[in-house]
Amino acid sequence: LRVNTIEEMKMKRMLTALSALLIAAVMSISAAQADKLKVGFVYLTNPGDHGWTYAHELARQEVQAHFGDKVETTFVENVPEGPDAERVVRELARQGNQVIFGTSFGYMDPMLKVSKDFPDVKFEHITGYKRSGNMATGNIRFYEGRYVQGIVAGMMTKTNKIGYIAPFPIPEAYQGLNAFAIGMREANPNAEIMVIWANTWADPVKEADAAKVLVAQGADVMAQHTDTPAMLQTAEKAGIHGFGQASDMKEFAPNAQLFSSVNNWAPYYIEKIEQVLDGSWSTGDGPNHWAGNTWKGMADGYLELTTFENMPANVKAAAEAAAAKVKGGHNIFTGPIKDNKGNVVIKAGDALDDGRLWSDVFFYAEGIQGEMPG
């Protein structure tokens with residue numbers, strides 16, 4: 001009996017020691033998890049769009065690789081703009097995400113509403129303009145790439161008819177369309193743009209249908225502000241040229257793509273998360289900020305142009321020169337600039353600053369056919 005009692009005591013001590021080690025390990029894991037910064041992302045579509053959302057997903061992966069076990073990232077995909085966005089953003093906040101990135105313009109008001117209910121959470125809205133004490137905004141100067149596209153399109157077209165698929169009539173879309181027209185007319189004063197407002201960011205069927213209409217109307221070069229490769233695929237089948245949007249779309253149209261304007265969100269995400277980690281995050285002004293809005297472009301590496309292909313050497317040289325000019329600080333919206341009815345909308349010697357780029361771009365520049373949407 002004595003032997004059994006001693007053995008039992010030894011066993012109990014061993015089990016107690018093992019339990020203590022197990023509890024310590026669990027507590028250590030829990031502490032490590034608690035120390036991680038939880039970061040949530042809300043996507044309009046899924047990374048399989050090979051455009052806008054794909055670029056954001058690549059950036060999220062770079063965030064995870066950069067910070068390692070310091071952060072824990074998660075994303076919710078296929079979130080429509082509107083009430084669903086508010087529900088998803090609110091749920092991410094409830095789940096303990098300390099930073100939430102909403103990656104579409106239409107998330108602006110829902111995120112603003114949720115930000116007021118979670119004052120300790122940092123909200124980052126992509127491409128909007130409304131802010132609060134804990135909601136900042138970030139954007140890329142997409143219009144810079146479209147200016148270079150316009151120059152290439154003006155030189156490449158043989159019919160002098162350019163097709164352009166626009167999303168929604170918001171400042172960002174007018175910036176891009178007009179910058180494209182300005183570049184096009186610099187290269188070719190006879191070229192014209194036929195624009196179709198698709199009223200969508202990403203709908204392959206609608207984008208393809210719009211592209212087919214533009215081809216039927218004689219367009220031999222096409223551009224887009226929508227997010228899927230559908231337009232370029234249509235161009236490939238028609239034997240004409242076009243430009244990729246948000247991500248490199250060459251694999252979908254190797255003979256049609258002249259180049260893609262690629263959105264590089266990783267530097268922004270990494271910078272903002274580092275600010276949260278070191279306690280310096282704010283929505284205030286700073287270098288390259290306008291009214292609390294981080295807005296950077298080609299010079300900062302936020303907008304990148306892929307290799308210029310499927311074009312003659314002189315067109316490639318012109319594209320390279322235009323890109324270098326933009327990186328050097330050229331203001332694309334420098335007067336005199338006329339609208340498509342001959343009215344001067346930006347006077348000689350005048351240039352739109354960042355603030356006016358959100359308010360004074362509601363016009364059709366010379367070379368754009370038709371009437372603006374009502």
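Just so it is clear, the structure is predicted and the values come from calculations on it, not from any experiment.

Rules used throughout
- Residues numbered from 1 in each chain as written.
- Predicted model: local features only at pLDDT ≥ 70, side-chain atom pairs only at ≥ 80, totals over all residues.
- Heavy atoms only, no water.
- Axes fitted to C-alpha atoms, helices over the stretch in contact; angles between N-to-C directions.
- Helix = DSSP H or I, 4+ residues; strand = E, 2+ residues; numbered from the N terminus.
- Left-handed = near helix turned anticlockwise from the far one by under 90°.
- Contact = heavy atoms within 4.5 Å.
- Nonpolar A, V, L, I, M, F, W, Y, C, P; charged D, E, K, R; others polar.
- Buried < 20%, exposed > 50% of the residue type's maximum accessible area, 1.4 Å probe, protein only.
- Pairing = 2+ DSSP bridges.
- Right-handed = clockwise from strand over helix to strand, strands pointing away.

**Thoughts on the packing of helix 5 (residues 142-156) against helix 6 (residues 171-187)**
Consideration 1: The geometry of helix 5 relative to helix 6 is characterised by a closest axis approach of 6 Å and an angle of 35° between their N-to-C directions. Like other packed secondary-structure pairs, helix 5 and helix 6 cross with a definite hand, here right-handed. Counted together, F142, Y143, R146, Y147, Q149, G150, I151, A153, G154 and M155 of helix 5 and E172, Q175, G176, A179, F180, I182, G183, M184, E186 and A187 of helix 6 form the full contact between these two elements.
Consideration 2: For the contact of helix 5 with helix 6, the per-class residue count stands at eleven nonpolar, six polar and three charged.

**Section: the pairing of strand 9 (residues 241-246)**
Consideration 1: Most of strand 9 is tucked away: five of the six residues are buried.
Consideration 2: Where strand 8 (residues 221-224) and strand 9 come together, two bridges link them in parallel fashion. Note that in strand 9 the partner of M222 across the bridge is G242.
Consideration 3: Each parallel crossover has a hand, and for strand 8 linked through helix 8 (residues 230-238) to strand 9 it is right-handed.
Consideration 4: For strand 9 and strand 10 (residues 257-263), the ladder comprises five bridges, and the chain directions are parallel. Looking at strand 10, one finds that F243 is bridged to F259.

**A closer look at the sheet that holds strand 7 (residues 192-197)**
Consideration 1: Across the sheet, which stays open at both edges, the six strands sit in the order 7-6-8-9-10-13 with mixed pairing between neighbours. The open sheet is flanked by strand 7 and strand 13 (303-305), the only strands paired with a single partner. Sheet twist, expressed as the average angle between the axes of neighbouring strands with direction ignored, equals 15°.
Consideration 2: Against the sheet, helix 7 (residues 204-216) makes contact with strand 6 (161-166), strand 7 and strand 8, and its axis sits at roughly 160° relative to strand 6, the strand it touches most.
Consideration 3: Lying over the sheet, helix 8 contacts strand 6, strand 8, strand 9 and strand 10, oriented at roughly 165° with respect to strand 9.

**Things to note about the environment of P171**
Consideration 1: With respect to the helices and strands, P171 occurs in helix 6.
Consideration 2: A relative accessible area of 11% places P171 in the buried class.
Consideration 3: Distance in space between the C-alpha atoms of P171 and W358 is 5.4 Å, their sequence separation being 187 residues.

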